[in-house]
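# Remarks on the overall topology
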Amino acid sequence: PDGSGQRRFDELIATDSRIEPSDWMPAAYRKTLVRQISQHANSEIIGMQPEGNWITRAPSLKRKAILMAKVQDEAGHGLYLYSAAQTLGTDRDTMFENLITGKAKYSSIFNYTTPTWADMGSIGWLVDGAAICNQVPLCRASYGPYGRAMVRICKEESFHQRQGFEILLELMRGTPAQQQMAQESVNRWYAPALMMFGPPDADSPNSQQSMAWKIKRFSNDELRQRFVDMLVPQAEILGVTLPDPDLKWNEERGHYDFGELDWAEFTEVLAGRGPANAIRVSRRRTAHENGEWVRAAARAYADKQSADGQS
Ligand code: FAQ
């Protein structure tokens, strides 16, 4: 009430220090963090599905083991992120409930389907690649538990990105049919991966405030540009073509120019009308319901342990 909490908060932000769960923080800062961190956690959990789809059909035992480990990592990322969000006072049941009733957002990218094995390569190379570009700066997010969770997540994402690149490299060194499968997959994933960074800066209502609070360190368009600049030389090594006729080096800017994205498609996906929105949410709901007996058993066990401890 005397404004000292706000002053201390402003000082911590100005000096690039960390805000911790027990510190005073503005209600709007708390709200935006819960929004972003829970959406991020939801993305990791929903993001298990497009790749989970290929675990039983991976082309070798080695590929199957790698893919299982990757999908498990995603579950782990979701769990640390839900824990980070919980430190802000929102309980996990509420976040799950919002996800399985379709109220909560998660990344647009996971509403696309994975019809071919090459999609495992494209997800690793493009989706994890975009995730790293976006998330490395989040390691310095002003909220301590979020920034610290991101450090480990980014290390694992780097490994994921390399395994995706390697799947595509192997296909590109293979038969013409394999090369075609890789190129066709990159054609489908490229533009949706660029949209992961969010709407253009002029249409991004949250960016300015989130940057002032040092949650976000760069704008959506800045990170998208960084990603495109990173992809072009990697695509050359792979021998795949990025599906954008307007992609070209701009000497003056020192960056690649690229074509306008289909923002109408992005809006449709966010509104729940992407190729796989309905299936993603319904699968998650079914899995949650089927897991009820495990939660009940864990609760009963914990209650018994604490009752035994008291006697
Ligand atoms: N999809 O004002 P802004 C992964 C929403 S990586 C859906 O610009 P903000 C790893 C946004 O929430 C994917 N919604 O918002 C993995 C807002 O709506 P709201 C997850 C989007 O927050 C790989 C509205 O549009 N990564 O999971 C999207 O400042 C492989 C206006 O936008 C993260 O979540 C989108 N693409 O910036 C896992 C990173 N973009 O909330 C498995 C953390 C925007 O007001 C397999 N998040 N919206 O109703 C962020 O960095 C930010 O939240 C942005 C959006 C950059 C996503």
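See above for the structure.
First, a word on scope: everything that follows refers to the structure included in this document.

Rules and cut-offs
Per chain, residue numbering runs from 1 following the sequence as it is written. In keeping with the predicted nature of the model, local features appear solely for residues at pLDDT of at least 70, side-chain atom pairs appear and are counted solely at 80 or more, and the whole-chain, interface and lining totals rest on all residues. By convention in this description, side-chain values take in all heavy atoms of the structure and omit both hydrogens and water. Each helix is a run of DSSP H or I of at least 4 residues and each strand a run of E of at least 2, with the numbering of both proceeding from the N terminus. To estimate the expected span of a helix, count its residues, drop one, and scale the result by 1.5 Å. Exposed residues in this analysis have more than 50% of their type's maximum accessible area, buried residues have under 20%, and partly exposed residues fall in between, with area computed by a 1.4 Å probe over protein chains only. Any two residues whose heavy atoms approach within 4.5 Å at even a single point are treated as in contact. Using protein atoms alone on a 1 Å grid, points that fit a 1.4 Å probe yet trap it form a cavity, whereas open point sets bounded by protein on both sides within 12 Å along at least five of seven lines form a pocket; residues with an atom within 4 Å of a point count as lining. Grid points are joined across faces, edges and corners, and a volume is the space filled by probe spheres set on the points. For this scheme, ten residues count as nonpolar: Ala, Val, Leu, Ile, Met, Phe, Trp, Tyr, Cys and Pro. Four count as charged, namely Asp, Glu, Lys and Arg, and the remainder, Gly too, count as polar.

## Considerations on helix α6 (residues 118–135)
- The end-to-end C-alpha distance of α6 is 24 Å, a good match for the 26 Å that 18 residues give at a rise of 1.5 Å each.
- With respect to burial, α6 is a largely interior element, 17 of its 18 residues being buried.

## A look at the environment of H160
- Relative to the elements of secondary structure, H160 occurs in helix α7 (residues 144–172).
- As a C-alpha pair, H160 and P137 span 23 residues in sequence and 18 Å in three-dimensional space.
- Ignoring any residue separated from it by four or fewer positions in sequence, one finds H160 in contact with K70, D73, H77, G124 and D128.

## A few points about the layout of surface pockets
- Computed from the structure, the largest pocket encloses a volume of approximately 990 Å³.
- Lining the largest pocket are 43 residues, and of these Q39, S107, M196, F197 and G198 lie nearest its centre.
- When residues of the lining of the largest pocket are traced back to their parent elements, those giving at least two are α2 (27–46), α4 (61–86), α6, α7, α10 (220–238) and α11 (263–273).
- Residue contributions to the lining of the largest pocket peak at seven residues, all from α6.
- Looking at side-chain class alone, the lining of the largest pocket contains 18 nonpolar, 14 polar and eleven charged residues.
- When its volume is computed, the second largest pocket comes out at roughly 200 Å³.
- As for the second largest pocket, its lining consists of 13 residues, of which A104, Y106, L270, G272 and N277 are closest to the centre.
- Listing elements by their share of the lining of the second largest pocket, those giving two or more residues are α11 and α12 (277–290).
- Ranked by residues supplied to the lining of the second largest pocket, first place goes to α11 with four residues.
- Taken together, the residues of the lining of the second largest pocket break down into seven nonpolar, four polar and two charged.

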